[in-house]
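Breakdown of the fold
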Amino acid sequence: MMKCIKIAAVLLGIALPATAWAQTALKPLGNGVYNFVAHGYTSMIVVGAKGALVVDPAWSGRAKEIKKAVAAVTRNPITHVVLTHEHYDHVGGTEIFDGAEIVCHVTCQDIFDLDVLGVAPKKVTKSFNEEMTIDLGARTVELKHLGAGDGVATTVVYVPSAQVVATTDLYVPLALTDGNYLDDKNYLGTRKILNEVAKWPLKHAISGHAESTDPSALRDNAAFLNDLYAEVKSRLDKAIAKGGAPAAFGLLLSGKLSAEVKLPKYASWKGYDAHLAKHVWRMGMSIIHGG
């Protein structure tokens, strides 16, 4: 419920009451990389010799706070705003950064053109397909599209010199994402992305809705998706062996699969009891429906 309120507030430009999450914090992670924490959202900031880069400002009021925070650590202009995917609660506020390149995966513009709320950027000024490198002067930022994850434009932002990665809406530390926010998630794609990134040398892993940057959370969530995939697929395989694809769909649609799959290893995670069934459903749909 609280996330619904937050998203509605973001889209309508309403200020939320002060909470611990609402307190603005700029946390240095080393080598010119920072984690900006405010209002339940986190954003990577990278400062180079020629300019600064901001990831996912989210909305105009928060973008103004980011701009002020960047000005406190560098006189260089904000030259790039990178959007990790197309969802509207992360892409607003780009108009605050005058003259900055608005960077998003090539699929973003088509989604932004459908925006009837007026929160998405009017124009993506730089797009890419599989990967892109941004030179900020003595520091580079790598953008990688490893496939669809949360939405279709899922972008991983990596600073090799600092060994810091930023992703958004792919995982929450020691928690299951609220099942209400899984409908646009390709769980096979999310699993693929997290398994790939988990292999990288990481000192910090920024997640779009978490204060902690401990990379163990990313690896733990990759393990969770691997275990979830194995349990769900084994049951779907048995159904297919007996009755083909219709039997697999029947198992999923009946609710029996969601009721039967248990992953006690993760029972201590926040949201396990309330949301595991929806995660089983989402993985099942990704396997047998392709999305």
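Residues numbered from 1 in each chain as written. Predicted model: local features only at pLDDT ≥ 70, side-chain atom pairs only at ≥ 80, totals over all residues. Heavy atoms only, no water.

Moving on: the packing of aromatic side chains. Taken as a whole and judged by the stated rule, the model has five aromatic pairs. Centre to centre, the rings of Tyr158 and Trp200 are 4.8 Å apart; their planes meet at 45 degrees, and the pair counts as tilted. Of this pair, Tyr158 sits in strand β10 (residues 156–159) while Trp200 sits in the loop between α5 (187–197) and β12 (204–207), placing them 42 residues apart in sequence. Just as Tyr158 is buried, Trp200 falls in that class too. A ring pair is formed by Tyr266 and Trp269, whose centres lie 4.9 Å apart and whose planes are at 75 degrees; its orientation type is edge-to-face. Take Tyr266 and Trp269: they sit in the same class, and that class is buried. Here the aromatic cluster, defined as three or more aromatic residues joined through ring pairs, consists of Phe224, Tyr266 and Trp269. Above the ring of Tyr229, the side-chain terminus of Arg191 is found at 4.0 Å from the ring centroid. (Phe/Tyr/Trp six-rings, centres within 6.5 Å; stacked < 30°, edge-to-face > 60°. Helix = DSSP H or I, 4+ residues; strand = E, 2+ residues; numbered from the N terminus. Buried < 20%, exposed > 50% of the residue type's maximum accessible area, 1.4 Å probe, protein only. Lys NZ or Arg CZ within 6 Å of the ring centre and 35° of its normal.)

Now for the sheet that holds strand β6 (residues 101–105). Judged by pairing direction, the sheet is mixed, and its seven strands sit side by side in the order β1-β2-β3-β4-β5-β6-β7 without closing on themselves. If you trace the sheet from one side to the other, it starts and ends with β1 (25–30) and β7 (126–128), each paired once. Along the sheet, successive strands turn relative to each other by an average axial angle of 20 degrees, direction set aside. Bridge analysis of strand β2 (residues 33–38) against strand β3 (residues 41–47) gives six bridges, and the strand direction is antiparallel. Opposite Ala38, over in β3, you have Tyr41 as the bridge partner. (Pairing = 2+ DSSP bridges. Axes fitted to C-alpha atoms, helices over the stretch in contact; angles between N-to-C directions.)

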